[in-house]
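Chain residues, written in single-letter form:
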Amino acid sequence: MELVNLFIKSAFIENMIFTFFLGMCSYLAVSKTVKTAVGLGVAVIFVLLVTVPVNYMLETYVLKEGALAWMGSDYADVDLSFLSFIMFIAVIASIVQLVEMLVEKFSPALYGALGIFLPLIAVNCAILGASLFMQQKQFSNVGEATVYGVGSGFGWFLAIVLIAAIREKIKYSHIPAPLKGVGMAFILTGLMGLAFLGFLGFEL
Amino acid sequence: MSEAKKESLFSKKNKQLISGPINKTNPVTIQVLGICSALAVTVQMDNALVMGIAVLSVVAIGNVIISSLRNFIPSRIRIIVQLVVAAALVICVDQILKAYVYDVSKQLSVFVGLIITNCIIMGRFEAFALGNKPWPSFLDGIGNGLGYSLVLVVVAFFKEVLGSGTITLPAIGKLTIVPESVYSFGYENNGLMLLPPSSLIIVALYIWVQKSRNPELIDK
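Residues numbered from 1 in each chain as written. Chains lettered and ligands numbered in written order. Predicted model: local features only at pLDDT ≥ 70, side-chain atom pairs only at ≥ 80, totals over all residues. Heavy atoms only, no water.

Before going further, it helps to examine the packing of aromatic side chains. Describing an aromatic ring pair means giving the distance of the ring centres and the angle of the ring planes. All names here are of chain A. The full count for this structure, using the stated rule, is 11 aromatic pairs over all chains. On the basis of an interplanar angle of 40° and a centroid distance of 4.6 Å, the ring pair of F18 and F196 is categorised as tilted. Here F18 is found in the loop between α1 (2-13) and α2 (24-29), whereas its partner F196 is found in helix α9 (residues 182-197), with 178 residues between them in sequence. When its relative accessible area of 3% is taken as the criterion, F18 is described as buried. Classification of F196 by relative accessible area gives buried; the value is 12%. (Phe/Tyr/Trp six-rings, centres within 6.5 Å; stacked < 30°, edge-to-face > 60°. Helix = DSSP H or I, 4+ residues; strand = E, 2+ residues; numbered from the N terminus. Buried < 20%, exposed > 50% of the residue type's maximum accessible area, 1.4 Å probe, protein only.)

In this structure, the largest pocket encloses a volume near 900 Å³. Of all the secondary-structure elements, those providing two or more residues to the lining of the largest pocket are α2, α4 (84-106) and α6 (117-121) of chain A together with α4 (78-100) and α7 (119-127) of chain B. In terms of residue count, the dominant contributor to the lining of the largest pocket is α4(A) (seven residues). For the lining of the largest pocket, the class distribution of residues is 19 nonpolar, seven polar and five charged. (1 Å grid on protein atoms, 1.4 Å probe; cavity = no way out; pocket = protein on both sides within 12 Å on 5 of 7 lines; lining within 4 Å. Points joined across faces, edges and corners; volume = space filled by probe spheres on them. Nonpolar A, V, L, I, M, F, W, Y, C, P; charged D, E, K, R; others polar.)

For the rest of this paragraph, the subject is the confidence of the model for chain B. For residues with low pLDDT, the predicted coordinates do not support detailed interpretation. Residue and element names in this part refer to chain B. Looking at chain B, the pLDDT average stands at 83 and 94% of residues meet or exceed 70. For chain B, the element scoring lowest by mean pLDDT is helix α2 (residues 35-40), at 76; helix α3 (residues 45-69) scores highest, at 91. Every residue in residues 1-5 scores below 50 in pLDDT, and together they form two contacts with partners more than four places removed in sequence or on other chains. Interface confidence for the predicted complex, given as ipTM, is 0.78, next to a pTM of 0.83. (pLDDT = per-residue confidence, 0-100. Contact = heavy atoms within 4.5 Å.)

Further remarks concern unusual backbone geometry. Residues and elements named next belong to chain A. Even without glycine at this site, F21 takes up a positive phi of about 55°. Here F21 lies in the loop between α1 and α2. Relative accessible area serves as the criterion here: at 1%, F21 is assigned to the buried category. A positive phi angle is found at Q138, which is not glycine, with a value near 50°. Mapped onto the secondary structure, Q138 falls in the loop between α7 (125-137) and α8 (142-170). The exposure class assigned to Q138 is exposed, which follows from its relative accessible area of 65%.

What follows concerns the side chain of B:D46. Residues and elements named next belong to chain B. Considering the arrangement of structural elements, one finds D46 in helix α3. A relative accessible area of 10% places D46 in the buried class. Ignoring sequence-local partners within four residues, the contact set of D46 consists of V104, T168, L169 and P170.

For the rest of this paragraph, the subject is empty space enclosed by the protein. Applying the stated rule across the entire model yields one cavity of 30 Å³ or more. Empty space within the largest cavity amounts to approximately 40 Å³. Forming the boundary of the largest cavity are A:L22, A:C125, B:G34, B:C36, B:S37, B:L114 and B:N118. Of the residues belonging to the lining of the largest cavity, the class tally is four nonpolar, three polar and no charged.

Shown next, in the form of structure tokens:
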């Protein structure tokens, strides 16, 4: 039950796009059609599913203050947490590369669908953001971290698919010329964000 | 290279590198890069200023480093090299912020770390620093950093004045902008302005004004 709550919380109440604005760059750039939006959204869920638990293990057994205690008492008070940015981004970049190679080898059809999006994901702030929030939230076990990763990925997927659907329709309406494109996408995201604020009322 | 052909340090072309990103090629509103942090840290003016300075220094110094290494970086692994340079600089910035402005660094929380994946940084490394000499790259970094900070400061100004009626400046503290007498007439702070979605709307209005004044920027 705890895990279901965590999933709903990370997907809706603390939605990556609408409450933290993470991954906005690719969100705005790749949301012109629903088809590509679904491709990128699935790729983000997939990469979050892998990177958040890996970074959680890294955080718990290597980086956190006192995390190196398993190596012997000499290391018990080593604090490597200042290295976490560079470690997390290195893990993310290499896992994205690895995932790309594995998908290409074992499922060429999926690679064809996700292909161009996978390398983009290494620099998507939502991925690094999820790992940094995971560090801040101090989950008690790796299961919670995994659910948090999938939940935030799902929230991101939902957001990009919704905005892509709206943008497909709004192409045909008359809006002031200077607002066309990016300007309108900002306003739409703002309005959707207001709607998502409604989820704040849930007690979980 | 002969002495006569050498460009002066502040030639017209070099000045363009700074002034361009502030208006017509603004990284946030025109190129749509680095929006994540631009929207999230703008509830108070001091957060916006600190974030702007942090990004400015990372882009400028990072551009110089990448540009001096540009002939030694194999193009296959350039993304990871860029990430490592950015991450190293951001760690320095983070430690400095924690040491000198601890409160602000607490409020910025994960967004300092997210400078690493800020698209402005990667975009400038990739598009400018890899193909230009260190000095123009430095100016380009300063220009883009300033363009980014400008948007941040404008958004934070409206959000804070309309949302809480104050301006918070680093080292000076909270200044009250909306006078007491206005409140006694029944004026209320707009709580909506403190919520995240309002910054999207402000940026959209900023884009609207900017594109109306420069019609050549309008999307076809």
